[in-house]
Amino acid sequence: MALRMLGKAATALIAPALALGATVGLAAAPASAAVWSSCDQWGSTTLNGYTLYNDIWGSGAGTQCIWANSGTNWGVNANHPNTGGIKSYPNANKVINKSVSSLASLTSSYNVTVPSSGAYETAYDIWDTNHKYEIMLWVNKTGAVGPLGTSQGSVTLGGSTWTAYKGNNGSNDVFSFVRSSNSSSGSVNILPILKWIKDTKGWFGDVTIGDLQFGFEITSSAGGLNFTVNSESVSSS
């Protein structure tokens, strides 16, 4: 939870992280929540090696409930007002704890079902263990959302073409990669992206990659929208 709050100036639509009080937790979790569900602001659990977070951290949020059948099959129903500023980042977190140079591979696959309305992106959020650097990989986006920083041009890495952005949110450097076309399923070879940042651009050294998160960064979802991770996998060696 605090991890998400550290990084969330990671888009241009930013709001301070404030306590949300009794307004959080009123929406109903779907009946498909076979294993676990929560409408708590900071609701979390660990399932088969992944830690799930409801993570409603932005000001002006509405209601949101998370459910999970496993650590890699989960979703949220979110009803956040049509206002600017990120409201939440429900996500599944996998701990890596390996330096970039010691990684032989770091890959992930995803399959999501997302709404056609609202304002959000589906994104990986990757952190070094010192929380000095944040790497975001946006695989799809809808509505008025955009990454922090300035464009560094187009680059083809890890099996996709991205527009790279470099910025700083006042707490840490943020490197965002926005996929050239929206994707609801696919795979990402993450290690070449980290090596491009480290070796080609020199934006960080041989940092240790700590948390690798995947989820939905939601700015607005008025009326209640469903976001579902049908499947996900993260593997490293």
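A. Spotlight on the sheet that holds strand S15 (residues 225–236). Across the sheet, which stays open at both edges, the 6 strands sit in the order S1-S4-S5-S15-S7-S13 with antiparallel pairing between neighbours. Of all strands in the sheet, those with a lone pairing partner are strand S1 (36–38) and strand S13 (185–189), marking the two edges. Each strand axis lies, on average, 20 degrees off the axis of its neighbour in the sheet, ignoring direction. Pairing analysis gives 5 bridges linking strand S7 (residues 106–113) to S13, with the strands arranged antiparallel. Bridging across to S13, Ser109 finds its partner in Ser187. Together, S7 and S13 form the strand contacts of helix H2 (residues 191–201), whose direction differs from that of S13 by roughly 45 degrees.

B. Main features of the pattern of salt bridges. Using the criterion set out here, one finds 1 salt bridge in the structure. The residue Asp199 makes a salt bridge to Lys198 at a minimum N-O spacing of 2.8 Å.

C. Looking closely at unusual backbone geometry. Even without being a glycine, Asp55 presents a positive backbone phi close to 55 degrees. Inspection of the secondary structure puts Asp55 in the loop between strand S3 (50–53) and strand S4 (63–70). Taking relative accessible area as the criterion, Asp55 reaches 1% and is therefore assigned buried.

Conventions used here
- Residues numbered from 1 in each chain as written.
- Predicted model: local features only at pLDDT ≥ 70, side-chain atom pairs only at ≥ 80, totals over all residues.
- Heavy atoms only, no water.
- Pairing = 2+ DSSP bridges.
- Helix = DSSP H or I, 4+ residues; strand = E, 2+ residues; numbered from the N terminus.
- Axes fitted to C-alpha atoms, helices over the stretch in contact; angles between N-to-C directions.
- Contact = heavy atoms within 4.5 Å.
- Salt bridge = Lys/Arg side-chain N within 4 Å of Asp/Glu carboxyl O.
- Buried < 20%, exposed > 50% of the residue type's maximum accessible area, 1.4 Å probe, protein only.

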